[in-house]
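# Reading the structure
Chain by chain, the residues run as shown.
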Amino acid sequence: MSGRAQLMWDEAVTGYDFGPEHPMDPVRLALTRSLIGAFGLDRELDVVAAKRAGESTLGLVHREDYVAAVKAASADPASAHGEYGLGTEDVPAFAGMHDVSALIAGQSVGAAEAVWHGEALHAVNFAGGLHHAMPGAASGFCVYNDAALAIARLLELGAERVAYVDVDVHHGDGVQAAFWDDPRVLTISLHEHPRTLFPQTGWPEETGGGAAPGSAVNVALPAGTGDEGWVRSFHAVVPELLAEFRPQVLVTQHGADTHFEDPLAHLAVSLDAQRAVQVACHSLAHEYAQGRWVALGGGGYAVVDVVPRSWTHLVGVAAGREVDPSSGVPEEWGREVFARARVLAPGRMTDGRWPVRWRGWDEGYDPADRVDQAVLAARRAVFPLRGLLA
Ligand SMILES: [Zn+2]
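What comes next concerns the included structure. Note that the structure is predicted; figures quoted are calculated from it, not measured.

### Examining the nonpolar core
Of all hydrophobic cores here, the largest spans 131 residues; its most connected members are Leu86, Tyr144, Ile188 and Phe234. Non-local contacts of Ile188, meaning those with residues more than four positions away in its chain, are made with Tyr164, Val165, Asp166, Val217, Val237, Val238, Leu241 and Leu242.

### With respect to the pattern of salt bridges
Summed over all chains, the structure comprises 17 salt bridges. Note that Arg184 and Asp182 form a salt bridge whose closest N and O atoms lie 2.8 Å from each other. Residue classification places Arg184 among the partly exposed positions, given a relative accessible area of 35%. On the accessibility criterion, Asp182 (13% relative accessible area) is buried. Here Glu336 and Arg340 are joined by a salt bridge, their closest N and O atoms 2.8 Å apart. Here Glu336 and its partner Arg340 are both found in helix H10 (residues 331–341), four residues apart, which amounts to about one turn of the helix. Take Arg340: its relative accessible area is 47%, and that puts it in the partly exposed class. One network of salt bridges, with partners in common, ties together Glu113, Arg153 and Glu156.

### Quick look at the pairing of strand E1 (residues 5–8)
Side chains Ala5 and Leu7 of E1 all project onto a buried face; the interleaved residues Gln6 and Met8 project onto the opposite face, where all are buried too. Pairing analysis gives three bridges linking E1 to strand E3 (residues 122–125), with the strands arranged parallel. Across the sheet, residue Ala5 finds its bridge partner in E3, namely His122. Handedness of the crossover joining E1 and strand E2 (residues 46–48) through helix H1 (residues 27–38): right-handed.

### As for the coordination of the zinc ion
Protein-derived coordination of the zinc ion comes from Asp168 (OD), His170 (ND1) and Asp257 (OD), at a distance range of 1.9 to 2.1 Å. Counting along the primary sequence, the residues that act as donors to the zinc ion give the motif D-x1-H-x86-D. Neither Asp168 nor His170 differs from the other in exposure class; each is buried.

### A few points about the side chain of Ser189
Following the sequence through the fold, Ser189 ends up in strand E5 (residues 185–192). The exposure class of Ser189 is buried, given its relative accessible area of 4%. One polar contact links Ser189 to His191, side chain to side chain, over a distance of 2.7 Å. Dropping the residues within four chain positions of it, Ser189 is found in contact with Asp166, His170, His171, Gly172, Val217, Asn218 and Val219.

### Remarks on the packing of helix H7 (residues 227–245) against helix H8 (residues 271–288)
Between H7 and H8, whose axes approach to 11 Å, the crossing angle comes to 10°. By the angle between their axes, H7 is roughly parallel relative to H8. Only Ala273, Gln274, Val277, Ala280, Cys281, Leu284 and Tyr288 of H8 make contact with H7, whose side of the interface consists of Asp227, Trp230, Val231, Phe234, His235, Val238, Pro239, Leu242 and Ala243.

### As for helix H5 (residues 146–156)
Every α-helical turn comprises 3.6 residues, leaving residues that sit three or four positions apart pointing alike. Burial analysis of H5 places ten of its eleven residues in the buried class, which makes it a mostly covered element. Every buried residue belonging to H5 is among Asp146, Ala147, Ala148, Leu149, Ala150, Ile151, Ala152, Arg153, Leu154 and Leu155, and all of these are buried. Looking one or two residues beyond H5, the residue adopting positive phi is Gly158, at roughly 115°.

### Points about the state of the cysteines
Within this structure, the stated rule accounts for zero disulfides. The structure places no disulfide on Cys142, whose sulfur is separated from the nearest cysteine sulfur, that of Cys281, by 19 Å. What makes Cys142 buried here is its relative accessible area of 2%. What makes Cys281 buried here is its relative accessible area of 2%.

Quick notes on the rules
Residues numbered from 1 in each chain as written. Predicted model: local features only at pLDDT ≥ 70, side-chain atom pairs only at ≥ 80, totals over all residues. Heavy atoms only, no water. Core = buried A, V, L, I, M, F, W, Y, C linked by side-chain atoms within 4.5 Å. Buried < 20%, exposed > 50% of the residue type's maximum accessible area, 1.4 Å probe, protein only. Contact = heavy atoms within 4.5 Å. Salt bridge = Lys/Arg side-chain N within 4 Å of Asp/Glu carboxyl O. Helix = DSSP H or I, 4+ residues; strand = E, 2+ residues; numbered from the N terminus. Pairing = 2+ DSSP bridges. Right-handed = clockwise from strand over helix to strand, strands pointing away. Donors = N, O, S within 2.8 Å, 3.2 Å for Na, K, Ca; no water. Polar contact = N/O pair within 3.5 Å; in protein donor to acceptor, adjacent residues only side chain to side chain. Axes fitted to C-alpha atoms, helices over the stretch in contact; angles between N-to-C directions. Parallel < 35°, antiparallel > 145°, perpendicular 65-115°, else oblique. Disulfide = S-S within 2.5 Å.

This is how it looks when you write it as structure tokens:
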């Protein structure tokens with residue numbers, strides 16, 4: 001098995017573009033790719049463009065009538081008026097939408113295949129992580145659920161246990177829904193509480209369907225949660241579950257919208273804490289999944305200041321050449337940022353909060369603390385179902 005990592009990239013993914021008024025500006029993907037290049041990280045791993053997901057692959061998760069509706073909206077965007085979630089404010093239809101969405105899905109499926117077959121130990125698709133798409137509907141800026149498709153492809157290839165860990169600020173509802181009744185997939189989502197954020201799901205009581213009790217885990221964090229609480233809650237829930245579940249592959253979603261600068265949500269997490277969780281996911285893949293790790297992007301709407309730095313760190317972690325948080329941002333990249341976005345680039349690869357310190361759950365908890373309450377609710381709802389002590 002190669003220890004080398006793989007970066008999934010096809011320039012055409014930047015065509016996933018809902019228009020100038022939409023928060024998911026594809027410049028975030030282009031700037032991430034160029035920052036990775038500016039650090040020379042693309043020489044440390046294999047850059048691979050996978051083919052776009054075909055109908056049979058999309059059918060592993062999505063309904064045939066939905067795929068047909070995406071194709072119709074793609075061919076005639078003006079015809080989409082909200083059916084199947086297409087042609088809405090969140091998911092406006094655009095020409096070529098099917099092809100580019102299937103291309104992004106193909107990168108995640110290709111990442112899963114490479115990891116499963118041992119062609120790469122880790123594979124990253126930062127254009128992916130479109131976790132809100134449902135089997136039969138678009139939702140929350142997501143057309144095809146590449147994360148669910150990657151997992152479904154692993155199952156098709158024979159995987160018996162796949163763990164999915166989603167640290168986007170939004171609940172990973174589409175992935176949870178796709179595998180709600182499938183005990184082969186453990187989904188864990190850490191997110192801002194559904195009371196204050198889209199998609200208003202991800203309550204701790206959502207623990208999996210009748211055929212798969214305890215297969216869904218939801219840590220619903222209070223608005224305002226910062227670095228210490230966020231990293232603490234991750235460690236208070238994820239490692240024990242992975243130790244019990246023993247996944248053959250770990251799939252992670254690294255939406256960067258937990259950041260305090262993000263305009264669409266209300267957590268207060270820094271780039272440094274995001275990096276700490278990326279490092280933790282990498283370690284957990286080695287500890288519990290024989291190193292097999294598929295890492296995806298996700299949300300993130302501070303498109304210049306946050307997303308490129310966060311996912312460059314992610315690629316550095318996967319490549320085995322972590323970018324030092326104290327590093328300056330390469331000047332060539334700063335010039336590109338100014339040329340493309342007419343704003344000044346951030347200067348360093350840190351928010352000045354490295355190293356992130358947090359208290360371990362085994363050192364005790366405070367029942368009056370709202371982050372600890374969120375952790376407790378998640379543990380109490382699901383740990384007993386998995387034979388673990390809450
Ligand atoms: Zn998100």
